[in-house]
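# Working through the structure, step by step
Chain by chain, the residues run as shown.
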Amino acid sequence: MIPDFVPGTLNWGDVNPALHPLDEAALADTVRSLGPARCVPTRPDIPFADPAMSEWSHGEARSWADAMSYALVDRYGPWTLGWRWAHDEGDFDGGPVGHWCCPRDSVTTPDETLDRVEAALREWREWLEFLARCFDTYPLELADVDEQRILWERTARSLILHVVDRTGCGSGWYGHCRQVLTWFLDHRGVAPDVAGDLVDQAIGGRFHSWTGPRTPVVDDIAERLALSLEPADARVPALAAAPPDHLRRWLDLRASVAWDDVPDSGAPGPVVPLRDGAAEDFRDYDAAIDPARAEGLLRALDLLRADAKRGARLDFALLSGWQRHILDAPGHRRSGTHPPSRREAGNATASNRTPGPVSTRASPGARPTPDGRSA
């Protein structure tokens, strides 16, 4: 058995048909195209009571069924795990699937076995789609639970009876019933961990294997579950991930450098770096995508540094002016390019990249005015 491939552990997100579309017309061909379909074992012609049959069933046949589960999950997703959730004491206790039982009974000839796999998968899928429709029978909202408790109760009662009917109340059937009720609450907005606790409290250990629940018990469990719901049980929306703080990362990187350990060259004036990081950034990132963009940005960088050397203030307006000047150079304007917005330029600057649209060479000697026009 595959420890992590037990259908009883599936949550609603794993099986919700709306999240896992299926091309049913191609299902038969897909099942037969999977790797395990090319090596289906054949059941030996010996009595079921023969120890050799048990050895084959728990060895070769079960290993093949596990491999088919792996292949289906890989192809369609985890929702497929329920194809082996058979009634009674099949591969898994108390499931809703009737077209599959266990390797000993269901693995026969290759053709018959693959037909059973397909039929079992279709049956499981149909059950999931049926449950999804039941969950949406009423437009339930957890925020309005006080006014809708009778509808929540009716839905819970209906779901219990449907599980009773589909599983036949065999061995362990109540496990799937608990799961379906938890799926229902999850689908209607209850936090999954809260949903499981509320279902357990409502059932209270009153379901048993090989025994169908009496009507008063079903009614009481549905009522208890509906009465236990509160608007505060709602799922808390996940907080959106904060955008990366490129400036913070840059400052942290600078702080990590042991500046005091760098030997003094002894030369007057500012330190001359061994590498031009900004220029390398433009060349590495932009040259392979748009050489003209890289060339224009490098030219803007040279002009900007020339201004800085003369004592000009390095700010957005100055850089934006040089960018507009380069774009407006006669014969070099490219269609569809525009200077960046303040927000775009600010984001790019924060990521240690000089912002700028696609650009080409500027006319030498020209200077931008504060509004960006060439003077």
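So, here's what we can say about the structure. (Residues numbered from 1 in each chain as written. Predicted model: local features only at pLDDT ≥ 70, side-chain atom pairs only at ≥ 80, totals over all residues. Heavy atoms only, no water.)

## Section: the overall build of the protein
Applied cut-off: Secondary structure elements follow DSSP: runs of H or I of four or more residues count as helices, runs of E of two or more count as strands, with numbering from the N terminus. With residues, only the protein chains shown are counted as cover, and all accessible areas are computed by Shrake-Rupley using a 1.4 Å probe.
Counting secondary structure elements, the protein contains 14 helices and zero strands. Reading the protein from its N terminus to its C terminus gives the helix and strand order α-α-α-α-α-α-α-α-α-α-α-α-α-α. In the structure as shown, the protein presents an accessible area of about 20800 Å², 54% of it carried by carbon and sulfur atoms.

## Focus on the packing of aromatic side chains
Heads up, the condition is: Pairs were defined over the aromatic rings of Phe, Tyr and Trp, the Trp ring being its six-membered one, requiring ring centres within 6.5 Å. Orientation was assigned from the angle between planes: stacked under 30 degrees, edge-to-face over 60, tilted for the rest. Note on classification: 1.4 Å probe, protein chains only; a residue is buried when its accessible area is under 20% of the maximum for its type, exposed when over 50%, partly exposed between these limits. Two conditions define a charge located above a ring, namely a distance within 6 Å from the ring centre to NZ of Lys or CZ of Arg, and an angle within 35 degrees of the ring normal.
All told, the structure shown has ten aromatic pairs when counted by the stated rule. Ring geometry for Phe5 and Tyr70: centres 4.4 Å apart, planes at 45 degrees, overall tilted. Taken together, the residues span a long stretch of sequence, with Phe5 in the segment before helix 1 (12-15) and Tyr70 in helix 3 (residues 51-76) at a distance of 65 residues. Accessibility expressed as a relative area gives 18% for Phe5, which makes it buried. Looking at Tyr70, the relative accessible area reads 44%, which means it is partly exposed. Considering the side-chain rings of Trp12 and Phe135, the 5.0 Å spacing of their centres and the 65 degrees angle between planes classify their relative orientation as edge-to-face. Pair noted here: Trp12 is in helix 1 and Phe135 is in helix 5 (residues 110-135), with a separation of 123 residues, a long-range link. Owing to a relative accessible area of 0%, Phe135 belongs among the buried residues under this scheme. By the ring-pair criterion, three or more aromatic residues cluster together here, those being Trp12, Phe135, Trp152, Trp183 and Phe184. Against the face of Tyr76 rests Arg75, its NZ or CZ located 4.8 Å from the ring centre. When the ring centre of Trp79 is taken as reference, the NZ or CZ atom of Arg125 above it lies at 4.8 Å.

## So, the packing of helix 6 (residues 145-167) against helix 9 (residues 215-228)
To be explicit about the condition: A fitted line through C-alpha atoms represents every axis, and for helices the fit uses only the stretch in contact; the resulting angles, taken between N-to-C directions, go from 0 to 180 degrees. Angular relationships are summarised with four words: roughly parallel below 35 degrees, roughly antiparallel beyond 145, roughly perpendicular across 65 to 115, and oblique for the angles in between. Here is the rule for handedness: rotate from the far helix to the near one, and if that takes an anticlockwise turn smaller than a right angle the crossing is left-handed, while a clockwise turn gives right-handed. Two residues form a contact once any of their heavy atoms are found within 4.5 Å.
At a minimum axis separation of 8 Å, helix 6 and helix 9 run at an interaxial angle of 135 degrees. Of the possible angle classes, the one that applies to helix 6 and helix 9 is oblique. In terms of crossing hand, the pair formed by helix 6 and helix 9 is right-handed. Contact with helix 6, carried on its side by Arg149, Trp152, Glu153, Ala156, Arg157, Ile160 and Leu161, involves Thr215, Val218, Asp219, Ile221, Ala222, Glu223, Leu225, Ala226 and Leu227 of helix 9 and no other residues of that element.

## A closer look at unusual backbone geometry
Backbone geometry at Asp88 places phi at a positive 55 degrees, although glycine is not the residue there. You can see Asp88 is positioned in the loop between helix 3 and helix 4 (103-106). When its relative accessible area of 29% is taken as the criterion, Asp88 is described as partly exposed. Phi is positive for Trp210, close to 60 degrees, though the residue is something other than glycine. Looking at where Trp210 falls in the secondary structure, it is placed in the loop between helix 8 (192-203) and helix 9. Take Trp210: its relative accessible area is 53%, and that puts it in the exposed class.

## Describing the environment of Ile160
Structurally, the position occupied by Ile160 is in helix 6. The exposure class assigned to Ile160 is buried, which follows from its relative accessible area of 0%. Taking C-alpha positions, Ile160 is 9.6 Å from Asp219, a pair spaced 59 residues apart along the chain. Among residues more than four places away in sequence, those in contact with Ile160 are Cys177, Leu181, Phe207, Val218 and Ile221.

## Structural notes on the pattern of salt bridges
Defined as follows: A side-chain nitrogen of Lys or Arg and a carboxyl oxygen of Asp or Glu constitute a salt bridge if their distance falls within 4 Å.
In this structure the tally under the stated criterion is 18 salt bridges. Among the salt bridges present, the one from Asp115 reaches Arg32, with a minimum N-O distance of 2.4 Å. Taken as a pair, Asp115 in helix 5 and Arg32 in helix 2 (residues 27-33) lie far apart in primary sequence, 83 residues in all. The class of Asp115 is partly exposed, set by a relative accessible area of 42%. One salt-bridge network, held together by shared partners, links Glu24, Arg32, Asp115, Glu118 and Arg122.

## Things to note about the environment of Val97
Within the secondary structure, Val97 sits in the loop between helix 3 and helix 4. Of the residues examined, Val97 reaches a relative accessible area of 1% and is grouped as buried. Along the backbone, Val97 and Arg84 are 13 residues apart, and their C-alpha atoms lie at a distance of 7.0 Å. Setting aside its immediate chain neighbours within four residues, Val97 contacts Gly82, Trp83, Trp85, Ala86, His87, Ala120, Glu123 and Trp124.

## Here we look at the side chain of Ser171
Just so we agree on the cut-off: Between N or O atoms, a polar contact is any pair within 3.5 Å; within protein, one atom must be a potential hydrogen donor and the other a potential acceptor, and residues adjacent in sequence are included only when both atoms are from side chains.
Take Ser171: it is sitting in the loop between helix 6 and helix 7 (173-187). For Ser171, a relative accessible area of 8% corresponds to the buried category. Here Asp93 takes part through its side chain, which lies 2.9 Å from a polar atom of the side chain of Ser171. In this structure Ser171 touches Asp88, Glu89, Asp93, Gly94, Ser209 and Trp210, once residues within four positions along its chain are discounted.

## Some details on helix 9
For the record, the criterion: The length a helix should cover is 1.5 Å for every residue beyond the first. As used here, the arc belongs to the directions running from the helix axis to the C-beta atoms.
Helix length check: helix 9, at 14 residues, gives a terminal C-alpha distance of 20 Å against a target of 20 Å (1.5 Å per residue), a fit within 8%. When helix 9 is considered as a whole, its buried residues turn out to be Val217, Val218, Ile221, Ala222, Leu225 and Ala226. For helix 9, the arc enclosing every buried residue in end-on projection is 165 degrees, short of the 170-degree limit, so these residues lie on one face. Among the exposed residues of helix 9, those pointing more than 90 degrees away from its buried face are Pro216 and Leu227.

## Considerations on the state of the cysteines
Using the following cut-off: The term disulfide is used for any two cysteine sulfur atoms that are within 2.5 Å.
Scanning the entire structure with this criterion turns up zero disulfides. Note on Cys169: no disulfide assigned, nearest cysteine sulfur contributed by Cys177 at a separation of 8.5 Å. Residue Cys169 is classed as buried on the basis of its relative accessible area, which comes to 7%.

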